[in-house]
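# Summary of the model geometry
As a plain string of letters, each chain reads:
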Amino acid sequence: MNPNDSSPIQRRDYLKWMGAAGLAASGVSGHAQSAWPSKPIRWIIPFAPGGTSSIVARGVAAQLTKQMGQSFVIDNKGGGGGVPAMQELHRAPADGYTIIMSHIGLMAVNPLIYPDSGYDVNKDFVPVTLLSRVPSLFVVHKDVPANDFKSLVAYVKSRPGQLNYASAGNASAGHLAMEALKLATGMFITHIPYRGTGPALNDVLAGRIQLLSAGTPALLPHIKSGALRCIATGSTERLSVLPDVPTVAELGYKNFETVQWYGIHARAGTPPEIINRLQQECAKAVKSPEIIAQNAAESATPGGGTPAEYGAYVAREQARWKDVVIKGQIRPG
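Residues numbered from 1 in each chain as written. Predicted model: local features only at pLDDT ≥ 70, side-chain atom pairs only at ≥ 80, totals over all residues. Heavy atoms only, no water.

## Regarding the overall build of the protein
In plain terms, the rule: Secondary structure elements follow DSSP: runs of H or I no shorter than four residues count as helices, runs of E no shorter than two count as strands, and numbering proceeds from the N terminus. Buried, partly exposed and exposed residues are distinguished by accessible area as a fraction of the type maximum, computed with a 1.4 Å probe on protein chains only: under 20%, between the cut-offs, and over 50%, respectively. We call two residues in contact when some of their heavy atoms are within 4.5 Å. Surface accessibility in these figures is a Shrake-Rupley result with a 1.4 Å probe; residues are shielded only by whichever protein chains are displayed.
For the protein, the helix and strand inventory stands at 11 helices and 10 strands. Considering the protein as a whole, with its 333 residues, one finds that 53% of them fall into the buried category. Residue pairs at least 24 apart in sequence account for 79% of intrachain contacts in the protein once pairs closer than 6 positions are excluded. Carbon together with sulfur atoms contributes 53% to the accessible area of the protein, which is approximately 14700 Å² in total.

## What about unusual backbone geometry?
Each neighbour pair has its own omega, and for Trp-36 with Pro-37 the value is 0°, a cis peptide bond. Positionally, Pro-37 belongs in the loop between helix H1 (8-26) and strand E1 (41-45). With a phi angle near 70°, Ala-171 is a residue other than glycine that sits in the positive phi range. Its place among the elements puts Ala-171 in the loop between strand E5 (164-167) and helix H6 (173-185).

## Points about the pattern of salt bridges
Just so we agree on the cut-off: The working definition used for a salt bridge is a side-chain nitrogen of Lys or Arg within 4 Å of a carboxyl oxygen of Asp or Glu.
Here the structure, examined in full by the defined rule, presents 11 salt bridges. Residue Lys-327 is joined to Asp-323 by a salt bridge in which the shortest nitrogen-to-oxygen separation is 3.2 Å. Of the two residues, Lys-327 and Asp-323 are both situated in helix H11 (residues 307-327); the distance of four residues between them amounts to about one turn of the helix. Lys-327 gets classed as exposed once you look at its relative accessible area, which sits at 53%. Relative accessible area serves as the criterion here: at 40%, Asp-323 is assigned to the partly exposed category.

## Topic: the pairing of strand E6 (residues 190-193)
To keep things clear, this is the line we draw: Two strands qualify as a pair provided that DSSP identifies no fewer than 2 bridges between them. Classification remark: right-handed applies to a crossover when, strands pointing away from the viewer, the course from the first strand over the helix to the second runs clockwise.
The pairing of E5 with E6 spans four bridges and is parallel. Directly across from Asn-164, in E6, lies its bridge partner Thr-190. Tracing the backbone out of E5, into H6 and back to the parallel element E6 gives a crossover that is right-handed.

## Quick notes on the nonpolar core
Quick note on the threshold: For the purposes of this section, nonpolar cores are sets of buried Ala, Val, Leu, Ile, Met, Phe, Trp, Tyr and Cys residues that join through side-chain atoms within 4.5 Å.
One finds Met-86, Phe-138, Leu-152, Leu-181, Ile-189, Leu-211 and Trp-261 to be the most contacted residues of the largest nonpolar core, which totals 51 residues. Elements represented by at least two residues in this core include exactly helix H3 (83-91), helix H4 (104-113), strand E4 (125-141), helix H5 (149-157), H6, strand E8 (228-233), strand E9 (259-267) and H11. Residue contacts for Met-86: discarding those within four places in its chain leaves Ile-100, Leu-106, Met-107, Tyr-119, Val-121 and Phe-125. In this structure, Ala-57, Ala-61, Met-101 and Ile-274 belong to the second largest nonpolar core, which totals 28 residues.

In structure tokens, the structure reads:
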């Protein structure tokens, strides 16, 4: 093709061909995926504000905004065990401009208890990356007359069904952690679900609810203030931020472990270039001094791995928690 041909059609075709050749040579898609993001990204958080998921998201979102030059807008959509939030993502275009904070409840439990949700977590969504693994803490209100785990178990067993525990909602990490603890110890405590850790925590702090399990970010300030007493952790080892608090496993409940994990999922069909770019930016974000300091202060383990690694992790968690869901008779609220 002659670039000097005077025909406007031929010249236009030549320029188009040259542009396509240049993009192909540079490995960039002709759909201009390299331009992503060209507008703010909406990040759906399936809980009310104030919980661990929001705390983790805000820290990472600030880093991503700084790195990528576009805002990551936090959109808290609590209630319904996270199903409405997932349905909202399911309706959104698969263009990378709407993502969700995925976690144990959404990905590992909801498929078992919400079979009519209208989506398949493994087919309609794709993993991006694991962001953080946060230790579960088991706390009681300061007026509960139990100073350690053994005395709490004895106190609850002497009052079966009379004490309540709060959670961020059905199938939330705190719900699962407490049900796992009940199965391990034989305690009978009534579950009171809320629309997020924030509202649940408010009622525990007020003394209207006696127990709660949640992650370190939401609970540490209140433990340090004395408003709550941490009687055990769900981690495999004692936490540096709470060195005097034993793990449930070391108290005689072998192999007991509960951990909250948070990551990002997108709509299935989102271009791989976008998924990979977001994963790479998240991996960079979790290595930033700010996030490293935040994780250290909360004894959290950072993520940042590949989409395939996160997908494999989710699959293992789905298999692991199925037994707790069945034995704990976890049902939709």
